[in-house]
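Chain residues, written in single-letter form:
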Amino acid sequence: MANVSQRVGFDTERARAATTFNSTYQTIGTALTENPVVIVFDNQTDVAVPLSVDGVNVWKTFSSGEAFVLDLRANNGIASNYTIDLGTQFRTYAAVGTSGSIRIAIIFAR
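One structure accompanies this document, and this report is about it. Not measured: the values here are computed from a predicted model. (Residues numbered from 1 in each chain as written. Predicted model: local features only at pLDDT ≥ 70, side-chain atom pairs only at ≥ 80, totals over all residues. Heavy atoms only, no water.)

Remarks on the environment of Gln-6
Counted only if it meets this: Put simply, DSSP H or I for four residues or longer makes a helix, DSSP E for two residues or longer makes a strand, and each gets a number counted from the N terminus. Relative accessibility decides the category of a residue: with a 1.4 Å probe and only protein chains considered, values under 20% of the type maximum give buried, values over 50% give exposed, and everything between is partly exposed. The contact definition used throughout considers only heavy atoms, calling two residues in contact when any of these lie within 4.5 Å.
Here Gln-6 lies in the segment before strand S1 (8–10). In this structure Gln-6 comes out as partly exposed when scored by relative accessible area, which is 42%. Gln-6 sits 23 residues away from Gly-29 along the chain, and the two C-alpha atoms are 27 Å apart. Those residues within four positions of Gln-6 in sequence are excluded, and the remaining contacts are Arg-73, Ala-109 and Arg-110.

A word on the pairing of strand S5 (residues 49–52)
What counts here: Two strands pair if DSSP finds at least two bridges between them.
Burial of the side chains of S5 extends over both faces: Val-49 and Leu-51 are buried on one face and Pro-50 and Ser-52 on the other. With three bridges connecting them, S5 and strand S6 (residues 60–62) associate as antiparallel partners. Bridge assignment links Leu-51 to a residue of S6, and that residue is Lys-60. With two bridges joining them, S5 and strand S8 (residues 91–92) adopt antiparallel strand pairing. In the strand pairing of S8, Leu-51 is matched with Thr-92.

Quick notes on the environment of Phe-10
For Phe-10, the location among the structural elements is in strand S1. Separated by 18 residues in sequence, Phe-10 and Ile-28 place their C-alpha atoms 17 Å apart. Apart from residues lying up to four places away in sequence, Phe-10 is in contact with Ile-106, Ile-107 and Phe-108.

What about the side chain of Arg-16?
Selection criterion: Counted charges follow a simple rule, with Lys and Arg positive, Asp and Glu negative, and His plus the chain ends left uncounted. By convention in these notes, a salt bridge is any Lys or Arg side-chain nitrogen within 4 Å of a carboxyl oxygen on Asp or Glu. Polar contact is defined as a pair of N or O atoms within 3.5 Å, subject to the rule that within protein one atom must be able to donate a hydrogen and the other to accept it, and that residues adjacent in sequence are counted only when both atoms are side-chain atoms.
Relative to the helices and strands, Arg-16 is located in strand S2 (residues 14–17). It turns out Arg-16 is buried and unbridged, and the closest side chain with the opposite charge, Glu-13, is 13 Å from it. Among the polar contacts listed, one links the side chain of Arg-16 to the backbone oxygen of Thr-27, at a separation of 2.6 Å. The contact partners of Arg-16, leaving out residues within four places of it in the chain, are Phe-21, Gln-26, Thr-27, Ile-28, Ser-101 and Ile-102.

By themselves, these observations are geometric and do not establish any function.
This is the structure in structure tokens:
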């Protein structure tokens, strides 16, 4: 086996069903307990899903069926440990949908 100085971990997927949306800020899963290096946002719903990290401002709105990969290692500039703060909570205030869910998958460094 090769000498591996750092390994990845796979955090529990965060999700919220479209049928539970209600146009007020709601959490999507739990707050971050690991510092992510890659995050996959996947809107599998039939509605647009605005995403917020502070419960006040929209960071990005995901169209129905849109997926987005945020690779913090590849986009780190001069900061090799570029990541998102522990405790960050993703939220949405999407209108009620009829199917699917918004899903967030996280890979972190061990």
